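This is what each chain is made of:
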Amino acid sequence: MRRSDLFLGLLALQLGLFLAMLVYARRAGRGVDPGVAECRRWVAELRLTDLCLFTEARYTRNPALADLHTPFQDHPTALEHFPSGTLVAPPPHLTSPHAWHPAPNPKHP
Amino acid sequence: MPGTLRRTRSILDFALASLLRRKGRNAALLGVYTLVVFVAASLVFFTQAVKREAHQVLADAPGLVVQRTLAGRQDLVPLAWADWVRGLRGVRSVRPRWWGYYYDGAFGANFTVQASEDAALPAGSARIGAGAARILRVKEGDLITLRGHDNLPLLLTVQGILSSDSELVASDLLLLPREDFQTLFGLPPDQATDLAVDVANPRELPTLAAKIAERYPEARPILHSEILRTYDAIFDWRGGLLVAVLMIAVLCFAIFAWDRAAGLSAEERREIGILKSIGWETSDVLLLKLLEGLAVSLTAFLSGCVLAYGHVFLFSAPLFEGALKGWSVLYPRYRLVPVVDGYQLSLLFLLAVVPYTAATLIPGWRAATVDPDAAMRS
């Protein structure tokens, strides 16, 4: 078998996967995802306003409702720990389960 | 097979053989190239998917949230405000919300506690989010203890755990009956955290917000459109930050690729000289270099994109979790609905494939136009 046959076969496979990815994403975007439907149900029922993505502190939990008077909230999307909060991983003693570290967290949120 | 196609395939064979002769260098280049495309494509996929998910999930969020500021800080809203707002023309419903945050020092986690209006949730019980249940290590029927504002423990039976599908909005929620919420936080009975207002015609929201702000100058109305825009801003910003960090890696790659592609070695120049002396045209040499460049860049682009798709949509972007999670102890488990933005992918293609391919062509053309004898002697 020629090298070009092998290469073109491999390229066709990659292209096939790439096109399948595009088609699948397009189809998935058209339908209603069960996870999205469930989230929408709770948003409507509890009148929620935010995604539960940043639970690290009370002033990061609801960025859409941020007020002007905490460090995080100079404006609704300013990050209080910027840039270290995004780039530096927290020390392990703050995130490990309390069973091994019963001392209270010194950094109250 | 037409002659041109046969000739191109033969040159492709030669180009692949040429790449394989320097397989160590080219494999390293392909690896780094694929990695750069993978990270950039992952970022594009992730930010687009989260932004779209936020828009879809929060489509039914309140049309208007009314908060109150007192002495420059957010304060509780008197329930009398709700009665006044309810009387405004165009208002469909006004729902006071009682909610707050509960920091559990033992687990180091922040929970969102909200009063539930559900009659099926009796006093002394709670419904909790899947993430909260995971952190607290409880299941349905177990007891949880919260410390109240008066330092007395509040015992609650877990009546239900919200489905894991809802984690993106409700992972950290503790839903309590209204009376237990009052016991826990000791809020004044005639006040709420804020008001969720819905209107029949969303176009009236700005007018309504203006009316509320005029009647209650300390009110802070937040529109539904502002809620959605917040997430666009956050993910543009976060995506931008990650791109800024990655720029260093991309620049290193650019220097590496430029050095590899643009600077032909003496051996490669001699090779071109020999090819020309045995009858290859300049166009053949250019085609050879073009195919060499395309073989590397197309393989890297396609592999990087497919791997990024798997990383973000099949494995929920574990590489970005660290940046998003920050100091959080409680982080939701969610799976994003695939979104591929054709425009951004085309831009990525232009940035990833075209410069590298062009960089391989220019030195090839320079070497191919030199006299074969001089090229072989150089």
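Residues numbered from 1 in each chain as written. Chains lettered and ligands numbered in written order. Predicted model: local features only at pLDDT ≥ 70, side-chain atom pairs only at ≥ 80, totals over all residues. Heavy atoms only, no water.

To keep it simple, the criterion reads: UniProt positions are given in the numbering used here, feature names are shortened, and annotations may be inferred rather than shown by experiment.
Looking at an unreviewed UniProt entry, chain B carries the name ABC transporter permease, with the source organism given as Geothrix rubra. Under the Subcellular location (unreviewed entry) heading, UniProt states for chain B: "Cell membrane".

## Focus on the overall build of chain A
Condition: Helix and strand assignments follow DSSP, with helices taken as H or I runs no shorter than four residues and strands as E runs no shorter than two, numbered in order from the N terminus. Only protein chains enter the area calculation, which uses a 1.4 Å probe; residues under 20% of their type maximum are buried, those over 50% are exposed, and those in between are partly exposed. By the convention used here, residues are in contact when the closest approach between their heavy atoms is within 4.5 Å. Surface accessibility in these figures is a Shrake-Rupley result with a 1.4 Å probe; residues are shielded only by whichever protein chains are displayed.
Looking only at helices and strands, chain A has 5 helices and 0 strands in total. Going residue by residue from the N terminus, the α and β elements of chain A occur as α-α-α-α-α. Sorting the 109 residues of chain A into buried and exposed places 44% on the buried side. In chain A, the share of contacts with a sequence separation of at least 24, taken over all contacts with a separation of at least 6, comes to 17%. Of the roughly 6100 Å² of accessible surface on chain A, 64% is carried by carbon and sulfur atoms.

## Considering the environment of Asn26(B)
All names here are of chain B. Here is the rule we go by: Any pair of nitrogen or oxygen atoms within 3.5 Å is treated as a polar contact; in protein, a donor-acceptor pairing is required on top of that, and neighbouring residues in sequence qualify only through side-chain atoms on both sides.
Looking at the secondary structure, you find asparagine 26 in helix H2 (residues 23-57). Through-space distance from the C-alpha of asparagine 26 to that of valine 296 is 8.1 Å; in sequence the pair is 270 residues apart. A polar atom in the side chain of asparagine 26 sits 2.9 Å from the backbone oxygen of leucine 19.

## Considering helix H1 (residues 3-30) of chain A
Quick note on the threshold: Given a helix with a known number of residues, its expected span is that number minus one, times 1.5 Å.
Counted at 1.5 Å a residue, the expected span for H1(A) with its 28 residues is 40 Å, and the 41 Å between its end C-alpha atoms agrees. If you follow the buried residues of H1(A), they end up packed against helix H1 (3-21), H2, helix H10 (282-314) and helix H12 (342-352) of chain B.

## Considering the interface of chain A and chain B
For the record, the criterion: By definition, the buried area sums, over both parts, the 1.4 Å-probe accessible area that each loses when the two are put together. Salt bridges, as used here, are contacts in which a Lys or Arg side-chain nitrogen is within 4 Å of a carboxyl oxygen on Asp or Glu. In the scheme used here, Gly and all other residues not listed as nonpolar or charged are polar, with Ala, Val, Leu, Ile, Met, Phe, Trp, Tyr, Cys and Pro taken as nonpolar and Asp, Glu, Lys and Arg as charged.
At the interface, 68 residues of chain A touch 90 residues of chain B. Interface area, chain A with chain B, both sides summed: about 7300 Å², of which 64% is carbon and sulfur. On the chain A side of the contact with chain B, Arg47(A), Leu51(A) and Leu53(A) bury the most area, a combined 10% of that side's loss. Applying the counting criterion to the chain A and chain B interface returns 5 salt bridges. Among the ionic pairs, Arg40(A) bridges to Asp60(B), the shortest N-O distance being 3.2 Å. At the junction of chain A and chain B, the tally comes to 23 residue pairs in polar contact (both at pLDDT 80 or more). Looking at which element gives the most residues to the side of chain A that touches chain B, the answer is H1(A), with 16 residues. Among the residues making up the side of chain A that touches chain B, the classes are represented as 37 nonpolar, 17 polar and 14 charged.

## Description of the pattern of salt bridges
With the rule as written, the count across this model stands at 17 salt bridges over all chains. For Asp172(B), the salt bridge is made with Arg61(A), and the minimal N-O distance between the two is 2.6 Å. Pair noted here: Asp172(B) is in the loop between helix H5 (167-170) and strand S10 (173-177) and Arg61(A) is in helix H3 (residues 58-61), and the two residues belong to different chains. We note that Asp172(B), like Arg61(A), is buried. In this structure, Asp284(B) engages Arg7(B) in a salt bridge whose closest nitrogen and oxygen atoms are separated by 2.4 Å. Pair noted here: Asp284(B) is in helix H10 and Arg7(B) is in helix H1, with a separation of 277 residues, a long-range link. Overall, the relative accessible area of 10% leaves Asp284(B) in the buried class.

## Thoughts on the packing of H1(A) against H1(B)
Rules: Note on method: axes are straight lines fitted to C-alpha atoms, helices fitted across the in-contact stretch only, with angles between N-to-C directions ranging 0 to 180 degrees. Note on angle classes: values under 35 degrees are labelled roughly parallel, values over 145 roughly antiparallel, values of 65 to 115 roughly perpendicular, and the remainder oblique.
One way to put it is that H1(A) packs onto H1(B) with a least axis distance of 8 Å and a crossing angle of 85°. One finds that H1(A) runs roughly perpendicular with respect to H1(B). Contact residues: H1(A) offers Arg3(A), Ser4(A), Asp5(A), Phe7(A) and Leu8(A), while H1(B) offers Arg9(B), Leu12(B), Asp13(B), Leu16(B), Ala17(B) and Leu20(B).

## Structural notes on the UniProt feature "transmembrane region" (unreviewed entry) in chain B
The positions UniProt marks with the feature "transmembrane region" (unreviewed entry) are residues 27-46, 239-258, 294-315 and 336-356 of chain B. Helix makes up 67% of residues 336-356 of chain B and strand 0%. Its end C-alpha atoms lie 32 Å apart.

## Observations concerning the pairing of strand S9 (residues 153-161) of chain B
Residue and element names in this part refer to chain B. To be explicit about the condition: Only strands joined by at least two bridges in the DSSP assignment are considered to pair.
Here strand S7 (residues 125-128) pairs with S9 via 4 bridges, running parallel. Paired with serine 125 across the strands is threonine 157, a residue of S9. Alignment of strand S8 (residues 143-147) against S9, held across 5 bridges, turns out to be antiparallel. Opposite arginine 147, over in S9, you have proline 153 as the bridge partner. Hairpin connection, S8 to S9: the antiparallel pair is bridged by 5 residues, and asparagine 151 has positive phi, about 70°.

## Topic: a nonpolar patch on the surface
Using the following cut-off: Within the patch definition used here, like charges are joined within 9 Å and nonpolar side chains (Val, Leu, Ile, Met, Phe, Trp, Tyr) within 5 Å, considering only residues with over 30% relative accessible area and no salt bridge.
On the surface, a nonpolar cluster with roughly 290 Å² of combined accessible area is contributed by Leu10(A), Leu13(A) and Leu17(A). Mapped onto the elements of the fold, Leu17(A) is located in helix H1.

## Re the sheet that holds S8(B)
All names here are of chain B. Taking strand neighbours across the sheet as the criterion, the 6 strands line up as S5-S6-S10-S7-S9-S8 in an open arrangement whose pairing is mixed. Strands at the two margins of the open sheet, each flanked by one partner only, are strand S5 (99-104) and S8. Looking at each pair of strands side by side, their axes are set apart by 40° on average, direction ignored. Its contacts with the sheet place helix H6 (residues 178-185) against S5, strand S6 (109-116), S7, S8, S9 and S10, and it is angled at close to 110° to S10.

## A look at the packing of aromatic side chains
Our working definition: Side-chain rings of Phe, Tyr and Trp (the six-membered ring for Trp) are treated as a pair once their centres are within 6.5 Å; stacked means planes under 30 degrees apart, edge-to-face means over 60, and tilted covers the remaining angles. Here, over-ring charges are defined by two tests on the NZ atom of lysine or the CZ atom of arginine: distance to the ring centre within 6 Å, and angle to the ring normal within 35 degrees.
Using the criterion set out here, one finds 12 aromatic pairs over all chains in the structure. Between Trp84(B) and Tyr216(B), the ring centres sit 5.6 Å apart and the planes meet at 85°, which makes this aromatic pair edge-to-face. Of this pair, Trp84(B) sits in helix H3 (residues 79-86) while Tyr216(B) sits in the loop between helix H7 (205-215) and strand S13 (219-223), and the two are 132 residues apart along the sequence. Of the residues examined, Trp84(B) reaches a relative accessible area of 28% and is grouped as partly exposed. Members of the aromatic cluster, joined through ring pairs, are Phe18(A), Phe301(B) and Phe349(B). Residue placement shows Arg41(A) over the ring face of Trp42(A); its charged tip is 4.8 Å from the ring centre. Across the ring face of Trp98(B), the terminal group of Arg178(B) is positioned such that the distance to the ring centre comes to 3.5 Å.

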